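# Analysis of the macromolecular model
Take a look at the letters that make up each chain.
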Amino acid sequence: MKLKGVVALVTGSNRGIGMAFVKGLMARGAKKIYVAARDASSLSALVNANPRVIQPLTLDITDQTQVANAAREAGDVTLLINNAGANSNTALIAIDGLDNARTEMETNYFGTLSMCRAFAPVLKNNGGGTVVNVLSILSLVNLPASGSYSVSKAAAYSMNQGVRAELSSQKIKVIGVMPGAVDTDMAKGFEGPKEKPLDVADAALNAVEDDLEDVYPGEMAQAVSLGLAEDAKAVEKEFSAYIPA
Ligand SMILES: NC(=O)c1ccc[n+]([C@@H]2O[C@H](COP(=O)([O-])OP(=O)(O)OC[C@H]3O[C@@H](n4cnc5c(N)ncnc54)[C@H](OP(=O)(O)O)[C@@H]3O)[C@@H](O)[C@H]2O)c1
């Protein structure tokens with residue numbers, strides 16, 4: 001898919017990787033970008049900078065009514081970027097209650113699935129298109145310090161494969177993006193090297209243009225992906241050292 005002239009929607013576009021996607025799409029000549037966020041007032045700067053191209057949408061991806069409204073309002077979309085995500089950075093056992101785990105599943109799995117379901121007919125009606133699901137390298141190996149987040153991203157990774165298969169006959173491509181640590185609010189507690197959000201968005205947008213299905217942006221994601229292919233148990237053992245404080 002060529003991005004010049006594309007009509008795209010980016011969830012969670014008010015900050016972090018989502019905002020980087022919007023900048024990347026602008027640089028590649030998108031015709032229209034629906035920028036979606038839970039609080040539309042957080043989108044003012046983006047919209048005011050390019051009001052002819054950028055259209056704001058209020059969208060909590062866990063709210064079925066808002067998801068349905070978004071699919072109605074943005075009926076000309078051919079590129080859906082499911083970027084919104086939640087990470088409570090909490091453990092699976094050493095935490096009270098299941099609230100954090102439920103929020104992560106509701107957002108990262110059910111919310112992303114709801115967006116795929118709502119927009120599949122939109123893309124089909126528009127003659128096909130592309131869905132980009134922002135997953136994580138933690139979709140493939142559990143980091144105990146973010147144990148419940150890793151589970152939700154593993155569910156989303158499997159969903160990405162299933163949705164890809166179901167939509168392949170409708171000229172809809174489905175791309176999974178598996179970054180390592182990225183320099184956004186979500187990873188502010190992580191001390192190690194982090195990718196720039198713009199580099200992650202660029203890698204994903206290159207995959208859209210180059211017709212690739214799986215993207216591992218940055219050195220950490222590449223190294224973990226290679227390690228998993230060579231010796232998945234060794235990678236699991238390495239990650240198991242990162243237990244919650
Ligand atoms: N940063 C990393 O190290 C890293 C690594 C791998 C993958 N990722 C993934 O990259 C994506 C973007 O994360 P980020 O790093 O840019 O994090 P971020 O700066 O924390 O941004 C998260 C975005 O998701 C939005 N969001 C959260 N829950 C939502 C909901 N229910 N409905 C709609 N929007 C919601 C947030 O909106 P509000 O402003 O309203 O909270 C915000 O715009 C996520 O899917 C994340 O899992 C991040």
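Anything mentioned here points back to the structure above.
The following paragraphs examine the structure supplied in this document. Predicted model only: the values in this text are computed from it and were never measured.

## Structural notes on the site of the ligand
Near the ligand, the surroundings consist of 27 residues, among which Asn14, Arg38, Asn83, Tyr149 and Thr184 are the closest. Alone, the ligand offers 900 Å² of accessible surface; in the complex the protein occludes 92% of this. Looking at the shell around the ligand, the elements that each hand over two or more residues are helix H1 (16-27) and helix H5 (147-167). Considered class by class, the residues forming the shell around the ligand number 12 nonpolar, 10 polar and 5 charged.

## Some details on the packing of helix H3 (residues 64-73) against helix H4 (residues 99-125)
Where H3 meets H4, the axes come as close as 9 Å, and the angle between the chain directions of the two elements is 25°. Relative to H4, the element H3 is oriented roughly parallel. Our pair here, H3 against H4, has a crossing hand that is right-handed. Note on element contacts: H4 touches H3 through Ser114, Met115, Ala118, Phe119 and Val122, opposite Gln64, Val67, Ala70 and Ala71. For the contact of H3 with H4, the class distribution of residues is 7 nonpolar, 2 polar and no charged.

## Some points on unusual backbone geometry
Even without glycine at this site, Asn89 takes up a positive phi of about 50°. Within the element layout of this structure, Asn89 appears in the loop between strand E4 (79-82) and H4.

## Regarding the packing of aromatic side chains
Enumeration over the complete set of coordinates arrives at 1 aromatic pair. When the centroid spacing of 4.7 Å and the interplanar angle of 45° are considered together, the rings of Tyr109 and Phe110 count as tilted. According to the relative accessible area criterion, Phe110 is partly exposed, its value standing at 39%.

## Some remarks on the layout of surface pockets
Computed from the structure, the second largest pocket encloses a volume of approximately 150 Å³. Lining the second largest pocket are Leu113, Cys116, Arg117, Ala120, Met159, Gly162, Val163, Glu166 and Leu167. Counting only elements with at least two residues in the lining of the second largest pocket, the list comes to H4 and H5. Among the elements that line the lining of the second largest pocket, the one with the most residues is H5, at 5 residues. Class assignment of the residues belonging to the lining of the second largest pocket gives a composition of 6 nonpolar, 1 polar and 2 charged.

## Remarks on the environment of Lys173
Relative to the helices and strands, Lys173 resides in strand E6 (residues 172-177). If sequence neighbours within four positions are ignored, Lys173 has contacts with Gly129, Thr130, Val131 and Asp211.

## Side note on the packing of H1 against helix H6 (residues 197-210)
It is the contact of H1 with H6, at a shortest axis distance of 8 Å, that shows an interaxial angle of 55°. In terms of axis orientation, H1 runs oblique to H6. Our pair here, H1 against H6, has a crossing hand that is right-handed. Every residue of H6 that contacts H1 at Gly16, Ile17, Ala20, Phe21, Lys23, Gly24 and Leu25 is listed here: Pro197, Leu198, Val200, Ala201, Ala204 and Leu205. Grouping the amino acids of the contact of H1 with H6 by side-chain chemistry returns 10 nonpolar, 2 polar and 1 charged.

## Structural notes on the nonpolar core
As a rule of thumb, soluble globular proteins bury nonpolar side chains together. Phe21, Leu25, Ile33, Val35, Leu79 and Ile81 are the most contacted members of the largest nonpolar core, which totals 32 residues. Mapped by element, the contributors of at least two residues to this core are strand E1 (7-10), H1, strand E2 (32-37), helix H2 (44-49), E4, strand E5 (129-134), E6 and H6. In terms of residues, this core owes the most to one element, H6, which gives 6 residues. In this structure Phe21 touches Val10, Ile81, Asn83, Val134, Ala201, Ala204 and Leu205, once residues within four positions along its chain are discounted. In terms of nonpolar packing, the next biggest core, distinct from the first, is built from 27 residues, Ile61, Ala70, Ala74 and Ala120 among them.

Criteria and cut-off values
Residues numbered from 1 in each chain as written. Predicted model: local features only at pLDDT ≥ 70, side-chain atom pairs only at ≥ 80, totals over all residues. Heavy atoms only, no water. Near = heavy atom within 4 Å. Areas by Shrake-Rupley, 256 points an atom, 1.4 Å probe, with all protein chains shown as cover. Helix = DSSP H or I, 4+ residues; strand = E, 2+ residues; numbered from the N terminus. Nonpolar A, V, L, I, M, F, W, Y, C, P; charged D, E, K, R; others polar. Axes fitted to C-alpha atoms, helices over the stretch in contact; angles between N-to-C directions. Parallel < 35°, antiparallel > 145°, perpendicular 65-115°, else oblique. Left-handed = near helix turned anticlockwise from the far one by under 90°. Contact = heavy atoms within 4.5 Å. Phe/Tyr/Trp six-rings, centres within 6.5 Å; stacked < 30°, edge-to-face > 60°. Buried < 20%, exposed > 50% of the residue type's maximum accessible area, 1.4 Å probe, protein only. 1 Å grid on protein atoms, 1.4 Å probe; cavity = no way out; pocket = protein on both sides within 12 Å on 5 of 7 lines; lining within 4 Å. Points joined across faces, edges and corners; volume = space filled by probe spheres on them. Core = buried A, V, L, I, M, F, W, Y, C linked by side-chain atoms within 4.5 Å.

Without other data, these values stay purely geometric and don't point to any function.
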